[in-house]
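Overview (structure and organization)
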Amino acid sequence: MRDVFFAALAAAGLVVAVHAPAQAVGIRHAFCLQGDQFPGLSNCTFDTYAQCQATASGRLLYCVANPYFAGVSNDPRATPYPYPHRQRIKPRPPAPNPFAPLPNPFVFEED
C-alpha cells in the first residue's frame, strides 16, 4: 500500500512540474542579453544599452531591446511605448498614515 502511495505522489509531482508556468519576461529593464548562454529574453537586467554592451563584450552575446519593457527610458534604442499620451507604469497612491488621528464621533459642529 505504501508503494502505491509513493508512486501516486511521484506521478502527481511530475504532472505539477510539467504544467508549471514559464517565468515571465522582465518588464522593469529596457535591454536584454541574448546568445548561447542566455537564450530568448532570459536576462533582461540592463537599464541602458551601454550597460548591456559592457556585460556582453568578450563573449558571444548581443543586446536587444526588451519588447515587454513597461517603463520610461531616455535611451533611444529602447523599445518605444506605442501610446505616448499614456504612462506605462501608473504610480501607486500614497499609503494611508497609520498615525493620523481618527475623527471624534462625539464632537458635534454647529452650522
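Residues numbered from 1 in each chain as written. Predicted model: local features only at pLDDT ≥ 70, side-chain atom pairs only at ≥ 80, totals over all residues. Heavy atoms only, no water.

Observations concerning the overall build of the chain
On a plain count of helices and strands, the chain comes out with 2 helices and 3 strands. Taken from N to C terminus, the helices and strands of the chain fall in the order α-β-β-α-β. A burial count over the chain gives 18% of its 111 residues as buried. Taking all contacts inside the chain whose residues are at least 6 apart in sequence as the whole, residues at least 24 apart take part in 48%. Accessible surface for the chain amounts to roughly 9,600 Å². Of this, 62% is attributable to carbon and sulfur atoms. (Helix = DSSP H or I, 4+ residues; strand = E, 2+ residues; numbered from the N terminus. Buried < 20%, exposed > 50% of the residue type's maximum accessible area, 1.4 Å probe, protein only. Contact = heavy atoms within 4.5 Å. Areas by Shrake-Rupley, 256 points an atom, 1.4 Å probe, with all protein chains shown as cover.)

Overview of the state of the cysteines
Taken as a whole, this structure holds 2 disulfides when the rule is applied. A disulfide bridge connects Cys32 with Cys44, and the sulfur atoms are separated by 1.9 Å. Judged by the sign of its S-S torsion, about 100 degrees, the cystine formed by Cys32 and Cys44 is right-handed. On the criterion of sequence distance, the pair formed by Cys32 in strand β1 (residues 31–35) and Cys44 in strand β2 (residues 43–46) is long-range, its members being 12 residues apart. Looking at Cys32, the relative accessible area reads 0%, which means it is buried. Cysteine pairing for the chain (bonded cysteines numbered in sequence order): 1-2, 3-4. (Disulfide = S-S within 2.5 Å.)

What about the sheet that holds β1?
Within a sheet, neighbouring strands are paired by backbone hydrogen bonds and run either parallel or antiparallel to one another. Ordered in space as β2-β1-β3, the 3 strands form an open sheet in which the pairing is antiparallel. Of all the strands in the sheet, just β2 and β3 (61–65) have a single pairing partner and so form its edges. Taking the axes of each pair of neighbouring strands and ignoring which way they run, one obtains an average angle of 40 degrees across the sheet. Bridge count between β1 and β2: 2 bridges; the pairing is antiparallel. Following the sheet pairing, Phe31 is matched in β2 by Phe46. (Pairing = 2+ DSSP bridges. Axes fitted to C-alpha atoms, helices over the stretch in contact; angles between N-to-C directions.)

As for the confidence of the model for the chain
Put simply, the chain has an average pLDDT of 76, and 68% of its residues get 70 or more. When the elements of the chain are averaged for pLDDT, helix α1 (residues 2–18) gives the smallest value, 64, and helix α2 (residues 49–56) the largest, 92. (pLDDT = per-residue confidence, 0-100.)

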